[in-house]
Amino acid sequence: MTDSEPPASPTAQTPPTDPGDAGRPQRRRGMGSARSMIISMVLVALAVLAWWAFVPRAEQTTQPTVDVAGIAREVGRAKHWDPAIAQGLPKGWQPVNVRLVSVDKQPDTWQAGYDAPGGCYARAVQTQDGTSDWVAAQTDQSTRTGSVTLAGVRWTQLTRADGGERSLVRSRPLAGLSTVVTGTCDWGRLHRFAESLQPLSKSQLSPAPSTP
């Protein structure tokens, strides 16, 4: 080697190669992270399901209690009426719509509506000197299909054209008020409801007079 020749560069050493690496597939980067994420999601889902299973849930929605006697007393004072309320109904009947209804071209009407067992509904409607037009409006223009005697009183039975509602019209006033019973219940429940109606003054639910 002479002074004019450049020094030889050191030769880079190549690391030895494992003969088995050639046939072994390379592990893809991120596969472990994805697997961990899936496991975490499954665990979270199981925890949510376990929490939901132990959360108490109401079996059914409870309707608020309606003060039938109190509302009837106020209507009676305002109109000088003795409104009828249901008395002695079996378990499962619940008052849900009790009020004085005012509609154009119709007389003021006392309405006491009840939810009944089996998911049906029945209501009693009353007014003073109800006309045939008033009866037709309360029964939704239903057609007469017969009559029945309940507790010694004759009632006319009517059925709506589509069969969705049935009605009973009392043959004589109840405590001076024309009275109609109508609803989606079958005839048996409607008959029982009609028989249960009593003027507030004779009902066990009648509030005691207030002391001055």
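Up top is the structure.
What counts, and where the lines are drawn
- Residues numbered from 1 in each chain as written.
- Predicted model: local features only at pLDDT ≥ 70, side-chain atom pairs only at ≥ 80, totals over all residues.
- Heavy atoms only, no water.
- Disulfide = S-S within 2.5 Å.
- Helix = DSSP H or I, 4+ residues; strand = E, 2+ residues; numbered from the N terminus.
- Expected span 1.5 Å × (residues − 1).
- Buried < 20%, exposed > 50% of the residue type's maximum accessible area, 1.4 Å probe, protein only.
- Contact = heavy atoms within 4.5 Å.
- Core = buried A, V, L, I, M, F, W, Y, C linked by side-chain atoms within 4.5 Å.
- Phe/Tyr/Trp six-rings, centres within 6.5 Å; stacked < 30°, edge-to-face > 60°.
- Pairing = 2+ DSSP bridges.

A full pass over the atoms with the stated rule returns one disulfide. What pairs with Cys120 in a disulfide is Cys185, and their sulfur atoms sit 2.1 Å apart. Here the S-S torsion is close to 85°, and the disulfide linking Cys120 with Cys185 is therefore right-handed. Of this pair, Cys120 sits in strand β4 (residues 120-127) while Cys185 sits in the loop between β8 (178-183) and α4 (187-196), and the two are 65 residues apart along the sequence.

So, about helix α2 (residues 68-79). Compared with an ideal rise of 1.5 Å per residue, which puts 12 residues at 16 Å, α2 spans 16 Å between its outermost C-alpha atoms and is within 8% of the ideal. Among all positions in α2, only Val68, Ala69, Gly70, Ala72, Val75 and Gly76 are buried. Where α2 is buried, its residues contact β1 (84-86), β2 (94-101) and β3 (109-116). Residue His80 follows α2 closely and has a positive phi angle near 60°.

Our focus in this paragraph is the nonpolar core. Buried together is how nonpolar side chains tend to be arranged in soluble globular proteins. In terms of nonpolar packing, the biggest core is built from 33 residues, with Trp110, Tyr114, Trp155, Leu168, Val181, Phe193 and Leu197 touching the most fellow members. For this core, the secondary structure elements donating two or more residues are α2, β1, β3, β4, β5 (143-150), β6 (153-159) and α4. Ranked by size, the runner-up nonpolar core spans six residues in total, among them Val125, Trp134, Val135 and Val180.

Next up on the list: the packing of aromatic side chains. With the rule as written, the count across this model stands at two aromatic pairs. Ring geometry for Trp93 against Phe193: centres 5.6 Å apart, planes inclined by 0°, an arrangement best described as stacked. Separated by 100 residues along the polypeptide, Trp93 in the loop between β1 and β2 and Phe193 in helix α4 bring together distant segments of the chain. Exposure remark for Phe193: the relative accessible area of 0% places this residue in the buried category. Through pairs of rings, three or more aromatic residues link up here, namely Trp93, Tyr114 and Phe193.

Time to look at the pairing of β8. Counting buried positions along β8 yields six of six residues, so the element is predominantly enclosed. The alternating pattern of β8 places Ser178, Val180 and Thr182 on one face and Thr179, Val181 and Gly183 on the opposite face, and all of these are buried. Taken together, the six bridges between β4 and β8 define a ladder with antiparallel strand orientation. Along β8, the bridge assignment pairs Ala122 with Gly183. Bridge analysis of strand β7 (residues 166-170) against β8 gives four bridges, and the strand direction is antiparallel. Counterpart to Arg166 in the pairing with β8 is Gly183.

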